[in-house]
Amino acid sequence: MKLTGVQIKNFRNVIDSGEVFIQPDVTCIVGKNESGKTAFLQALHRLNPAQGNVSLSIPDQYPAWLEKQHRKKMNLDTFCPVRATFKIEPDDRTILEERFGKGVLKSDIVALSRQYDGKRIFEFDADEKAVVASILAGAALPKGTATKP
């Protein structure tokens, strides 16, 4: 998979980066001092760190001047400060189709988000009919329960 875009919200001094598109050949982060370049990279690192001891923390990373106001409106633990989109390459698609069934993915784009409580959320456009057919094909159903339309 190749990273194609990232959006950071309410992480340190980045309120909303908007979607930042990652070019396939060169991507450079440019900005004035204290403009959020390091915070952007730290949030991206916390999306899926190579070492598991890196976490998200509301007291340390949620913008302090917004925390009290936002706690009244929502559960900050389930807020996603980082979301990245990826393009699935042909080899990845083959692996996924072997696991979940042919034709399950409708798109080559998947997204991964991480909440402040550490939960990761995967988003993808799936063909629900193909998913159900794949599950049923692999299920050991008693004779007479499976019928063909």
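This text follows the structure it describes.
Residues numbered from 1 in each chain as written. Predicted model: local features only at pLDDT ≥ 70, side-chain atom pairs only at ≥ 80, totals over all residues. Heavy atoms only, no water.

Q: Sorry, what's going on with the pairing of strand 4 (residues 82-87) here?
A: Walk down a regular strand and you will see the side chains alternate between the two sheet faces. Looking at chain direction, strand 1 (residues 2-11) and strand 4 are connected through 6 bridges and run antiparallel. Bridging across to strand 4, leucine 3 finds its partner in phenylalanine 86. Bridge count for strand 4 against strand 5 (residues 105-114) is 6 bridges, and the pairing is antiparallel. Bridge assignment links phenylalanine 86 to a residue of strand 5, and that residue is valine 110. (Pairing = 2+ DSSP bridges. Helix = DSSP H or I, 4+ residues; strand = E, 2+ residues; numbered from the N terminus.)

Q: Whenever I open this one, the environment of glycine 52 confuses me. Can you help?
A: Relative to the assigned elements, glycine 52 resides in the loop between helix 1 (37-47) and helix 2 (58-61). What makes glycine 52 exposed here is its relative accessible area of 78%. Each C-alpha atom, one on glycine 52 and one on valine 26, is 28 Å from the other, the two residues being 26 residues apart in sequence. (Buried < 20%, exposed > 50% of the residue type's maximum accessible area, 1.4 Å probe, protein only.)

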